[in-house]
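The lines below spell out each chain.
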Amino acid sequence: MKNFKLGVAAAAMVAAAAFGSNANAADVTMNLGFGAPEESLYGRFGKIFKEKVDAHSNGSIEVKLRCCNQISTEDEAFKAMQLGTVDGFFITGNNVSPHWPLMDVTVLPYIFQDTAHLERVVDGPVGDFMKEKLQADTSVHLLSFGPALYRDFYNSVRPINSMADMEGLKIRVPKNEVMIATFEAFGANPVPLAWSETPTALQTGTVDGGDNGTSFIRDMKFYEFEPHLVILEHFVAMAPLFASDAFMRRLSDEQRELVQRAATEAGAEFRQQVLNETEEVRAWLSTEGGMMMTRPDKAAFIEAAMRVQGDFAEARGAEFVDLVAKLQEAAQ
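Just so you know, these numbers come straight off a predicted model, no measurement behind them.

Colleague: Just checking my understanding: could you explain unusual backbone geometry for this structure?
Modeller: Excluding glycine, residues mostly have negative phi values, and the peptide bonds linking residues are mostly trans. Residue Tyr-110 is not a glycine yet carries a positive backbone phi of 55°. Considering the arrangement of structural elements, one finds Tyr-110 in the loop between helix H4 (104-107) and helix H5 (115-122). Given the relative accessible area of 16%, Tyr-110 is considered buried. The phi dihedral of Glu-233 is positive, around 55°, even though this residue is not glycine.

In structure tokens:
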């Protein structure tokens, strides 16, 4: 009997050990990718998210930041998340549009009146609607819109003091219909290029210029070969944090909630950090970066942009028009 009791106890210990092993095995790793350097806006946002996930999950979920296209390129990452081969990625909003056309609403030129308008959209019912709709349509989860910055224009040919100065410039644009149409309306010759091809195209003169979130111009050191900085504030650059459904399904209900909470908190915290950085970075680019900065009158650009908005609303149909209306109502 004594030996039997010892055997039962030993079996119980083995079972407990096995259970503990399984519990440890249930810990989850999220490989979170982005296409820019670790010190970029993506990397900074990712670090805050990583720290909050670690704190909220008591270390049971590990976020590993994978910069510089290690696990995918920005142009391919959305499809990879749909397939479940990438856990998460930061993707600029305009590069989401080929996979979910409604995202182009946020890409429309001059669609946001100011920062307060944008925040009412992404933090309110419209933002919630977009997250739910995207997930229903594509399976991909939009965890946080994150911070939003204006895209600043730059080129290697000449200063831009009016829309007439845009004539004939070969401008790199993402493979996004709205952005292509916008630069055509501005009088330039848009050249659609993947982000991974862009730095080389700019350095070799294949294209004359492009536009990016202000901090990206500094992060990518474009000031070294693009001498003209132009403040148009024509597009808002958003780089939301996305996660694949495959990754989210690996989490328990409680873990999914805490990952979402970490993303929401990280987005809000990082937005405050970058709120005042745009002018600081512009000042740096025009002094230490050596760029010549111009601020042309926007009236002609806005007039051209309104035509682009109208054309796309008409072409994209009722669902697109309805979402545009929701954004415009949020401006009130």
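Colleague: Help me understand the packing of aromatic side chains, please; the structure alone is not making it clear to me.
Modeller: Ring pairs (aromatic) are described by centroid distance and by the angle formed between their planes. Tallied over the entire structure, the rule returns 16 aromatic pairs. Look at Phe-183 and Phe-235: their rings are 6.2 Å apart centre to centre, the planes differ by 65°, and that puts the pair in the edge-to-face class. Taken as a pair, Phe-183 in helix H7 (residues 177-185) and Phe-235 in the loop between strand E9 (228-230) and strand E10 (236-238) lie far apart in primary sequence, 52 residues in all. Ring geometry for Trp-195 against Phe-216: centres 5.9 Å apart, planes inclined by 55°, an arrangement best described as tilted. Remark: Phe-216 occurs in helix H9 (residues 214-219) and Trp-195 occurs in the loop between strand E7 (189-192) and helix H8 (198-204); sequence separation between them is 21 residues. Taking the relative accessible area as the measure of exposure, Phe-216 reaches 8% and is therefore buried. Here the guanidinium or amino end of Arg-316 rests over the ring plane of Phe-320, the centre of that ring lying 5.4 Å away. Seen from the ring of Phe-129, Lys-326 lies directly overhead, with NZ or CZ sitting 5.2 Å from the centre.

Colleague: I'm lost on H7 in this one. Help?
Modeller: Because an α-helix packs 3.6 residues into every turn, residues spaced three or four apart end up facing the same way. Within the sequence span of H7, burial applies to Val-178, Met-179, Ala-181, Thr-182 and Phe-183. If you follow the buried residues of H7, they end up packed against H4, strand E5 (148-155), strand E6 (170-173), E7, strand E8 (209-213) and helix H13 (299-316). For H7, the capping residue at the N-terminal end is Asn-176, with a side-chain oxygen 3.0 Å from the backbone nitrogen of Val-178. Among the residues trailing H7, Gly-187 stands out with phi positive, at a value near 100°.

Colleague: What is the right way to read empty space enclosed by the protein from this model?
Modeller: Gaps left between atoms are located by rolling a probe of water-molecule size over the structure's atoms. Counted under the stated rule, the structure contains three cavities of 30 Å³ or more. Looking at the largest cavity, its volume works out to about 280 Å³. In terms of lining residues, the largest cavity is bounded by 21 residues, among which Tyr-42, Thr-92, Phe-216, Ala-237 and Ala-239 are the most central. Across the lining of the largest cavity, the residue classes tally to 13 nonpolar, five polar and three charged. Quantified by volume, the second largest cavity comes out at close to 60 Å³.

Colleague: When you look at the confidence of the model for the chain in this model, what are you seeing that I'm missing?
Modeller: Detail in the predicted coordinates should be disregarded across regions flagged by low pLDDT. Averaged over all residues, the pLDDT of the chain equals 91, while 92% of them reach at least 70. Low pLDDT, under 50, characterises residues 1-26; the predicted model gives this stretch zero contacts beyond four residues in sequence or across chains.

Colleague: Honestly, the nonpolar core in this entry has me stumped. Any pointers?
Modeller: Nonpolar side chains tend to gather and get buried jointly when the protein is soluble and globular. With 54 residues, the main nonpolar core has Phe-153, Phe-183 and Phe-242 as its most contacted residues. Of all hydrophobic cores here, the second largest spans 45 residues; its members include Val-28, Leu-149, Phe-222 and Leu-229.

Colleague: Explain the layout of surface pockets here, please?
Modeller: Estimates place the volume of the largest pocket at around 290 Å³. Lining the largest pocket are 17 residues, and of these Thr-115, Ala-148, Leu-149, Tyr-150 and Leu-275 lie nearest its centre. When contributions to the lining of the largest pocket are tallied by element, the ones reaching two or more residues are H5, E5, helix H11 (253-274) and helix H12 (277-286). Grouping the constituent residues of the lining of the largest pocket by class yields eight nonpolar, three polar and six charged. At the level of elements, helix H6 (125-138), strand E4 (141-144) and H11 are the ones that each hand at least two residues to the lining of the second largest pocket. In terms of residue count, the dominant contributor to the lining of the second largest pocket is H11 (four residues). Partitioning the lining of the second largest pocket into residue classes produces four nonpolar, four polar and four charged.

Colleague: Teacher, can you tell me more about the packing of H6 against helix H14 (residues 318-329) here?
Modeller: One way to put it is that H6 packs onto H14 with a least axis distance of 10 Å and a crossing angle of 150°. By the angle class used here, H6 and H14 are roughly antiparallel. Contacts between H6 and H14 involve Val-126, Phe-129, Met-130 and Lys-133 from the first element and Glu-319, Leu-323, Lys-326 and Leu-327 from the second. For the contact of H6 with H14, the residue count by class is five nonpolar, no polar and three charged.

Colleague: In this structure, what is going on with the pattern of salt bridges? I would like to understand it.
Modeller: Side chains that differ in charge, positive against negative, can pair when their charged atoms come close. Per the stated rule, a full pass over the model turns up 19 salt bridges. Taking the shortest distance from any N to any O, the salt bridge between Arg-250 and Asp-87 comes out at 3.5 Å. Here Arg-250 is found in the loop between helix H10 (245-249) and H11, whereas its partner Asp-87 is found in the loop between helix H3 (74-83) and strand E3 (88-90), with 163 residues between them in sequence. Arg-250 sits in the partly exposed class, given a relative accessible area of 43%. Since its relative accessible area comes to 11%, Asp-87 is described here as buried. The residue Arg-261 makes a salt bridge to Glu-265 at a minimum N-O spacing of 4.0 Å. You can see Arg-261 and its partner Glu-265 sitting in helix H11, four residues apart, about one turn around the helix.

Calculation notes
Residues numbered from 1 in each chain as written. Predicted model: local features only at pLDDT ≥ 70, side-chain atom pairs only at ≥ 80, totals over all residues. Heavy atoms only, no water. Helix = DSSP H or I, 4+ residues; strand = E, 2+ residues; numbered from the N terminus. Buried < 20%, exposed > 50% of the residue type's maximum accessible area, 1.4 Å probe, protein only. Phe/Tyr/Trp six-rings, centres within 6.5 Å; stacked < 30°, edge-to-face > 60°. Lys NZ or Arg CZ within 6 Å of the ring centre and 35° of its normal. Contact = heavy atoms within 4.5 Å. Polar contact = N/O pair within 3.5 Å; in protein donor to acceptor, adjacent residues only side chain to side chain. 1 Å grid on protein atoms, 1.4 Å probe; cavity = no way out; pocket = protein on both sides within 12 Å on 5 of 7 lines; lining within 4 Å. Points joined across faces, edges and corners; volume = space filled by probe spheres on them. Nonpolar A, V, L, I, M, F, W, Y, C, P; charged D, E, K, R; others polar. pLDDT = per-residue confidence, 0-100. Core = buried A, V, L, I, M, F, W, Y, C linked by side-chain atoms within 4.5 Å. Axes fitted to C-alpha atoms, helices over the stretch in contact; angles between N-to-C directions. Parallel < 35°, antiparallel > 145°, perpendicular 65-115°, else oblique. Salt bridge = Lys/Arg side-chain N within 4 Å of Asp/Glu carboxyl O.

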